[in-house]
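# Working through the structure, step by step
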Amino acid sequence: MNKLLYYSPAKKWHSALPMGNGHTGVMVYGGKTSEKLMFNDTNLWSGYPKNHDNPESLEYLDEVRDLIMYGRNKEAQDIIEEKFIGDYSDAYLPLGEVDIKFLGGNKRNYSRTLDLSNGLLNISTATIEREAFASYPAKVFAYKISAETPISITLNGKSQLKYEINTSDGNFNMLGNAPDWAAPHYLKTKKVATYDEGKGMCFCLSAKIMTNGKISTNNNSVLVSKATEITIFFTTATGFVGYDKMPRTSRKYALDLAQKTLNNLPNNYEQIKEAHIADYSAIYSKQSIDLKSDIDLPTDRLLKEAKFGRVHNGLIELIYNYGKYLLISSSRKGGSAATLQGIWNKDLKAPWSSNYTTNINTQMNYWSMSQCNMSECAEPFVRLVYEIMKHGKTTSHVNFNCDGFTCNHNVDIWRKTAPVKGNSEYMFSPMCGVWLANELYEHLRYGDMEQYRDKIQAITTEAVKFTCDWLILRNGEYITCPSTSPEASFVKDGKKCSVDYASAFDLGLARQLFANFQEFSTDEMLLKKVSQRLSRLRPFTCGEYGINEWSSDYDMPEKGHRHFSLLYGFYPAKVIGYHRNPQEREWVERIYNRRIDNSSSFIGWSSAWAISLAGRLRKPETAKTIINKMIQRSFFKNLFDFHPPCFFQIDGNFGFMSAINELLVTEEDGVVELLPALPADFTEGEIKNLRTATANVISFTWKDGKINSLNVEGKTMKLRNINLHEELKLDNVELV
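In what follows, the accompanying structure is described. (Residues numbered from 1 in each chain as written. Predicted model: local features only at pLDDT ≥ 70, side-chain atom pairs only at ≥ 80, totals over all residues. Heavy atoms only, no water.)

## Describing the side chain of Ser 503
Considering the arrangement of structural elements, one finds Ser 503 in the loop between strand E23 (495-497) and helix H12 (504-520). When residues no more than four places from it in sequence are discounted, the contact partners of Ser 503 are Thr 480, Ser 483, Thr 484, Ser 485, Glu 549 and Trp 550. (Helix = DSSP H or I, 4+ residues; strand = E, 2+ residues; numbered from the N terminus. Contact = heavy atoms within 4.5 Å.)

## As for helix H15 (residues 604-616)
Between its first and last C-alpha atoms H15 spans 19 Å; for 13 residues at 1.5 Å apiece the expected length is 18 Å, and the two agree. Within H15, 13 of the 13 residues are buried, leaving the element largely enclosed by the surrounding structure. Looking one or two residues past H15, Arg 618 carries a phi angle of roughly 60 degrees, positive in sign. (Expected span 1.5 Å × (residues − 1). Buried < 20%, exposed > 50% of the residue type's maximum accessible area, 1.4 Å probe, protein only.)

## Description of empty space enclosed by the protein
Scanning the model with the defined rule gives six cavities of 30 Å³ or more in all. Looking at the largest cavity, its volume works out to about 330 Å³. Among the secondary structure elements, those contributing two or more residues to the lining of the largest cavity are helix H10 (432-444), H12, helix H17 (651-664), strand E28 (665-668) and strand E30 (684-691). Broken down by element, the lining of the largest cavity gets its largest block of residues, five residues, from H10. Grouping the constituent residues of the lining of the largest cavity by class yields ten nonpolar, nine polar and eight charged. (1 Å grid on protein atoms, 1.4 Å probe; cavity = no way out; pocket = protein on both sides within 12 Å on 5 of 7 lines; lining within 4 Å. Points joined across faces, edges and corners; volume = space filled by probe spheres on them. Nonpolar A, V, L, I, M, F, W, Y, C, P; charged D, E, K, R; others polar.)

## Concerning the nonpolar core
If you look at the biggest cluster of nonpolar residues, it comprises 220 residues, and the most contacted ones within it are Phe 141, Phe 234 and Phe 700. Of the residues forming this core, the biggest block, ten residues, is contributed by helix H6 (residues 313-330). Excluding anything up to four places from it in sequence, Phe 700 contacts Leu 664, Val 665, Leu 674, Leu 675, Gly 685, Glu 686, Ile 687, Ile 707, Ser 709 and Leu 710. The next biggest cluster of nonpolar side chains, apart from the first, holds ten residues, and it includes Ala 138, Val 140, Leu 262 and Leu 265. (Core = buried A, V, L, I, M, F, W, Y, C linked by side-chain atoms within 4.5 Å.)

## Observations regarding the pairing of strand E14 (residues 202-211)
The element E14 is largely enclosed, with a buried count of eight among its ten residues. Relative to strand E16 (residues 221-238), E14 runs antiparallel, the two being bridged by nine bridges. Its bridge partner being in E16, Cys 204 is matched across the sheet by Ala 237. (Pairing = 2+ DSSP bridges.)

Read these as spatial facts, not as claims about activity.
Structure, rendered in structure tokens:
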């Protein structure tokens with residue numbers, strides 16, 4: 001399925017349909033007699049470059065380490081939460097809203113359709129047709145109205161930020177400034193945002209109107225009268241000029257940028273549309289999945305049936321394809337990387353500031369990118385991590401006197417790398433930079449990221465330098481200390497603690513990082529240091545319920561914790577192999593089963609991670625159970641991923657794709673396995689042009705659990721000899 005279909009307009013933001021070109025994001029409501037368009041710009045954030053690094057961390061580091069080694073974890077935690085803190089990240093902001101009212105026309109026979117195959121949105125009534133798309137080549141959002149008989153519209157706008165409306169030229173311009181500071185949603189304060197310093201970046205939303213009617217203005221509104229054709233091109237611009245530079249604040253600066261974009265547009269709407277379709281479809285159509293479903297129902301009906309236990313394969317396919325659409329729409333060269341909400345955010349106090357949360361969420365946003373053959377979406381992510389590396393070198397030196405770079409769990413457009421304020425469960429996570437480095441390096445294996453190899457290897461090298469310095473030798477073993485496991489805690493001496501040494505999360509990160517570095521580096525001195533630390537790095541250990549999350553087998557206050565960080569070494573990393581390490585894999589499976597059995601909250605991103613783990617553990621029944629529950633509970637009407645209590649987080653949308661991929665294709669030590677965890681009701685299907693971690697591109701079909709056709713591009717691929725039809729013809733394959 002490639003279409004979202006509805007027979008009623010959106011009443012809420014979570015029902016509106018998203019559009020984006022990697023620069024401008026728009027939520028389209030599609031009312032019967034009106035239109036609401038809510039705009040974002042990928043670079044519109046609060047604040048400006050600030051120094052959050054904290055030299056006090058270094059002063060107390062040895063004391064914290066000693067306390068942990070003496071078993072006084074809670075005392076160490078209290079010091080971290082008082083002395084190691086920085087400040088909150090800045091926030092990704094909503095730009096503004098445009099409202100269009102229609103006078104005339106017939107509102108009967110309503111429908112709205114988002115075609116994922118070409119990125120076109122159509123809204124239809126008896127006498128009016130509307131078409132919209134967000135063009136990456138033209139850097140505009142196009143909205144066209146066609147009426148059988150003449151109609152009139154009024155267009156006006158507003159913003160939650162400081163702004164003004166200018167319609168003096170007959171067009172529409174919303175000009176404003178971002179705040180110097182915006183509060184995170186969890187901070188209880190009367191001040192939502194402040195403009196006291198006047199340093200917030202400028203922004204502009206400009207609209208160019210083309211029509212066969214008459215254009216006039218009135219009280220900051222634009223009126224179009226007696227028209228049968230109205231085309232509006234919108235573009236956005238900001239004063240952002242670099243992560244380490246003060247933003248431009250002059251509104252004229254943003255207006256000039258926007259006007260330049262609009263002035264460079266061809267006069268031919270169809271030409272702009274065709275260029276958009278060619279650009280977008282070239283990415284979207286490279287890879288595809290077909291679960292052979294003939295279901296043809298409106299999207300909200302499909303979701304309703306899922307809630308009653310009928311999860312159609314067509315809906316699974318649609319959610320997968322929607323994830324591809326969202327990534328193409330929110331991550332393109334020149335824009336910023338996808339945030340917690342991609343490129344779409346409606347709130348001044350956005351959930352978790354709509355920032356980059358690097359203890360899982362930012363990485364999950366890009367898990368499926370290379371698998372789904374979408375390297376065109378990579379540049380913003382590579383640039384994000386490369387700039388984090390540059391900024392994180394200072395944090396590493398100032399906070400910990402370590403070489404290389406570090407990054408904690410909250411990052412913003414200014415590439416903040418120090419901890420925030422708050423509980424050490426989340427605020428202190430200095431190995432997040434290692435995870436970002438590992439994530440990028442994994443993408444190299446898929447064979448379509450060679451243009452970024454030098455940067456990715458530089459990032460990996462700097463992460464290695466930090467990790468080598470961050471590890472300390474205790475009782476003959478290298479460990480991390482202090483060490484955390486994202487948002488998890490344990491009970492010791494009757495107290496809840498979240499700081500220890502040698503968490504499984506840290507150990508997995510370090511082992512994967514060192515293995516990556518050894519594949520490419522020629523730095524003999526650093527390789528020697530890596531080899532020394534790797535040979536004496538503390539091994540994973542096992543407790544009553546499986547692999548230990550912490551240094552010892554502590555009691556866990558949350559048996560079904562949403563994070564699977566302790567299993568990082570198994571997935572998404574490959575430190576623990578399913579075939580290579582049967583004992584550790586059994587430890588993984590035991591703790592995984594315990595978490596799944598005790599989980600009551602099917603948060604989108606957590607469910608996606610759980611499905612991926614089920615795939616790598618070869619547990620198809622578990623995978624299907626979680627898929628069904630995720631679809632029943634974790635999607636809004638517009639298929640945005642849901643995070644309790646009522647937030648949108650895009651990581652679940654993106655993670656769903658990689659989860660489905662892992663059920664169909666997995667790789668270990670250079671050997672590909674097909675259908676490792678195929679759900680029983682995926683009885684027949686086809687994958688085209690999926691990339692593998694062996695740098696191959698594969699296409700295959702299956703029926704009743706057996707591969708009946710397979711095409712492999714690239715070098716000879718090693719394939720595990722299971723789930724293959726006896727009459728299957730194999731070329732470019734070595735069976736093992």
